[in-house]
Amino acid sequence: MVKDIETISLELLCDMRGQLDDALISVKGKNASSILHRFLVGMAIYINQAAEGYILLRKASRIDVSKLLIRPAIEAMILILAVTKDPPLLYRIAYTEVSEHRKWARLPSIKAGKDYDAEEIKKLSNFKQEYTDEFPNHKLKEKDLSPYEAARAAFGTEDYYNRYYRLYCNFIHPKLAVVAGRLNHFDTEDNPTIATCVLCGLEAIASAGGEVPNLDSLRTRLFSLDESASAKNQSS
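Note that this is a predicted model, so its numbers are computed, not measured. (Residues numbered from 1 in each chain as written. Predicted model: local features only at pLDDT ≥ 70, side-chain atom pairs only at ≥ 80, totals over all residues. Heavy atoms only, no water.)

Student: How do you make sense of the overall build of the protein when you look at a structure like this?
Tutor: Looking only at helices and strands, one finds 11 helices and zero strands in the protein. For 236 residues, the compact-globule estimate of 2.2 N^0.38 gives 18 Å, and the C-alpha radius of gyration of the protein, at 20 Å, lies within 12% of that figure. With respect to the principal axes defined by its C-alpha atoms, the protein has extents near 65 × 45 × 30 Å. The proportion of buried residues among the 236 residues of the protein is 40%. Residue pairs at least 24 apart in sequence account for 75% of intrachain contacts in the protein once pairs closer than 6 positions are excluded. Entry remark: accessible area of the protein is about 13100 Å², with carbon and sulfur atoms responsible for 55%. (Helix = DSSP H or I, 4+ residues; strand = E, 2+ residues; numbered from the N terminus. Rg over C-alpha atoms; globule rule 2.2 N^0.38 Å. Buried < 20%, exposed > 50% of the residue type's maximum accessible area, 1.4 Å probe, protein only. Contact = heavy atoms within 4.5 Å. Areas by Shrake-Rupley, 256 points an atom, 1.4 Å probe, with all protein chains shown as cover.)

Student: What should I look at first to understand the packing of aromatic side chains in this one?
Tutor: Counted by the stated rule, this structure contains eight aromatic pairs. Measuring from ring centre to ring centre gives 5.0 Å for Tyr-131 and Phe-135, while their planes differ by 45°; the resulting arrangement is tilted. Of the two residues examined, Tyr-131 and Phe-135, each falls in the buried class. Taken together, a centroid distance of 4.8 Å and an interplanar angle of 15° make the contact between Tyr-161 and Tyr-165 stacked. Here Tyr-161 pairs with Tyr-165, and both are found in helix 8 (residues 159–169), just four residues apart, close to one helical turn. Among the aromatic side chains, those forming a connected cluster through ring pairs are Tyr-91, Tyr-95 and Phe-127. (Phe/Tyr/Trp six-rings, centres within 6.5 Å; stacked < 30°, edge-to-face > 60°.)

Student: Even after reading the chapter, I still don't get the packing of helix 4 (residues 70–85) against helix 8, so can you show me in this structure?
Tutor: The axes of two packed helices give the description: the angle between them and the distance between them. Following both chains from N to C, one finds helix 4 and helix 8 inclined at 145°, their axes separated by 8 Å at the closest point. Crossing hand, helix 4 versus helix 8: left-handed. In contact with Ile-70, Arg-71, Ile-74, Glu-75, Met-77 and Ile-78 of helix 4, helix 8 contributes Tyr-160, Tyr-164, Tyr-165, Tyr-168 and Cys-169. Classifying every residue of the contact of helix 4 with helix 8 by side-chain character gives nine nonpolar, no polar and two charged. (Axes fitted to C-alpha atoms, helices over the stretch in contact; angles between N-to-C directions. Left-handed = near helix turned anticlockwise from the far one by under 90°. Nonpolar A, V, L, I, M, F, W, Y, C, P; charged D, E, K, R; others polar.)

Student: Is there a simple way to explain unusual backbone geometry in this structure?
Tutor: A negative phi angle is the norm for most residues apart from glycine, just as the trans form is the norm for most peptide bonds. In the Ramachandran plot, Ser-61 falls in the positive-phi region, its phi being about 65° despite a non-glycine side chain. Mapped onto the fold, Ser-61 is located in the loop between helix 2 (35–59) and helix 3 (63–66). Classification of Ser-61 by relative accessible area gives exposed; the value is 57%.

Student: How should I be thinking about the packing of helix 7 (residues 147–155) against helix 8 in this particular structure?
Tutor: Two elements in contact, helix 7 and helix 8, have axes whose closest approach is 8 Å; the angle formed by their N-to-C orientations is 120°. Taken as axis vectors, helix 7 and helix 8 run oblique relative to one another. Note on packing geometry: the crossing formed by helix 7 with helix 8 is right-handed. Across from Pro-147, Tyr-148, Ala-151 and Phe-155 in helix 7, the residues of helix 8 making contact are Tyr-160, Tyr-161 and Tyr-165. Partitioned by chemical class, the residues of the contact of helix 7 with helix 8 number seven nonpolar, no polar and no charged. (Parallel < 35°, antiparallel > 145°, perpendicular 65-115°, else oblique.)

Student: I tried to follow the state of the cysteines on my own but got confused; where do I start?
Tutor: Simply put, the disulfide is a covalent bond whose two ends are the sulfur atoms of two cysteines. Here the structure, examined in full by the defined rule, presents zero disulfides. Left unpaired, Cys-197 is separated from the closest cysteine sulfur, that of Cys-200, by 7.4 Å. Residue Cys-197 is classed as buried on the basis of its relative accessible area of 0%. (Disulfide = S-S within 2.5 Å.)

Dropping the structure here:
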């Protein structure tokens, strides 16, 4: 029986996520002192969780709900790639989180009697000190890092951001096009897109000292899948 692209790509995704599970187990306790490796492992765990939920929903034919988990996985992948290529961006990621956290958490914290400003300044200062201890020659910027900037740093162009990040943003907001089903023709891109995120998680774990014995073969399978999908789209 000839398998369709949805079946083939989901099987590949399941294989890749299984490998990521094993890789995460293998990296436990390794490079725990490296702030960069801890970040990479944390993002890989996040991708693994998103992919696990996605697969469960996809197997239950809940295509619409599964799409909600794609953009978070993309965002984690972008951060992994950005920091891998430009490590000082890790500090800007932390700085951005503090800045965003302040917008919604400061007032209720003050009302609860906490010294929010002092606590957050201390947390960021401790992170900065830990980072500079590990990378003393890196120049750090106290400036928010937008998803667009992170994607530019990750891929070198804005193409991926405009094509995939923007596409899957549509599904986590109440967009009329989504409600009307006008984006359903992108369904076949879902599995390969989140599989790409899982591959990035595997590469991150490998760089952090984890065991990923089938990384090359999984990368080849994903690349072949992308080629087959492209050829099918051109012929249709």
